[in-house]
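Chain by chain, the residues run as shown.
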Amino acid sequence: MNIHVGDEITLSEKVVPENTAKAWGSGSLPVYATPAMVTLVEKAAVKLLEGKLDEGMTSVGTNLNIAHVSATPVGGTIECHCTLTEIDRKRLEIHVEVKDAKGRVGIGTHERFIVAAEPFMEKAEHKFD
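The present account deals with the structure reproduced in this document. All of these numbers come straight from a predicted model, not from anything done at the bench. All residue numbers refer to positions counted from 1 along the written sequence of the respective chain. At least 70 in pLDDT is required for a residue's local features to be given in this predicted model, at least 80 for side-chain atom pairs to be given and counted, and no such filter applies to totals for whole chains, interfaces and linings, which use all residues. Only heavy atoms go into the side-chain values, all of them from the structure, while hydrogens and water stay out.

### Here's the deal with the sheet that holds strand E5 (residues 103-116)
Step number 1: Only strands joined by at least two bridges in the DSSP assignment are considered to pair. Secondary structure elements follow DSSP: runs of H or I no shorter than four residues count as helices, runs of E no shorter than two count as strands, and numbering proceeds from the N terminus. The sheet built from five strands is open, its strands ordered E1-E3-E4-E5-E2 with antiparallel pairing. Two strands in the sheet have a free side with no partner beyond their single neighbour: strand E1 (8-14) and strand E2 (57-68). Pairwise comparison of adjacent strand axes, ignoring direction, gives a mean angle of 25° for this sheet.
Step number 2: Judged from the 11 bridges that link them, E2 and E5 form a sheet pairing that is antiparallel. By the bridge assignment for E5, His68 is matched with Gly106.
Step number 3: Contacts from helix H2 (residues 34-49) reach E1, E2, strand E3 (77-88), strand E4 (91-100) and E5, with the element oriented near 145° to E2.
Step number 4: We call two residues in contact whenever any of their non-hydrogen atoms come within 4.5 Å of each other. Note on geometry: axes are lines fitted to C-alpha atoms, helical ones only across the stretch in contact, with angles between N-to-C directions running from 0 to 180 degrees. In the packing of helix H3 (residues 117-125) onto the sheet, the strands contacted are E2 and E5, and the crossing angle to E5 comes to about 90°.

Shown next, in the form of structure tokens:
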């Protein structure tokens, strides 16, 4: 495993009609959707860990605590910055800050757990047996 406290990544995306609250059904306005922001946070966290976990291991999101504090209209650019702030055995805590050209859009934390992919999927696939 090659992850360290302080590892960071930034991902960005344009606000387009397809990622607005109106399109996602999370509101009625054509502004950046909270579920789109959550998806960007998850993508950034996955990318942050990509290629750094032991073979056969992956991470799963277990907790999101993110405040969406400012609206961004279509045409704006969203930037998501994630920093790994804590490693507690298999539990990872990531600080998240989301911005647009005018400032903060979202802030919070994202928790992920490192799991063995194959046993995790076996358990999931047999959940309703």
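### Describing a nonpolar patch on the surface
Step number 1: Exposure above 30% relative accessible area and no salt bridge define the residues that can form patches, which grow by joining like charges within 9 Å and nonpolar side chains of Val, Leu, Ile, Met, Phe, Trp and Tyr within 5 Å. A 1.4 Å probe and the Shrake-Rupley method give the accessible areas. Residues count as covered only by the protein chains that appear here. Just to be clear on terms, a salt bridge is a Lys or Arg side-chain nitrogen sitting within 4 Å of an Asp or Glu carboxyl oxygen. Together, Met1, Val5 and Ile87 make up a nonpolar patch on the protein surface, roughly 270 Å² of accessible area in all.
Step number 2: You can see Val5 is positioned in the segment before E1.
Step number 3: Relative accessibility decides the category of a residue: with a 1.4 Å probe and only protein chains considered, values under 20% of the type maximum give buried, values over 50% give exposed, and everything between is partly exposed. Overall, the relative accessible area of 53% leaves Val5 in the exposed class.

### A word on the environment of Val41
Step number 1: Assignment of secondary structure puts Val41 in helix H2.
Step number 2: The buried category is assigned to Val41, whose relative accessible area is 0%.
Step number 3: Sequence separation of Val41 and Thr10 is 31 residues, and the distance between their C-alpha atoms is 9.6 Å.
Step number 4: The residues contacting Val41, other than those within four sequence positions of it, are Leu64, Ile66, Cys80, Cys82, Val96, Val98 and His110.

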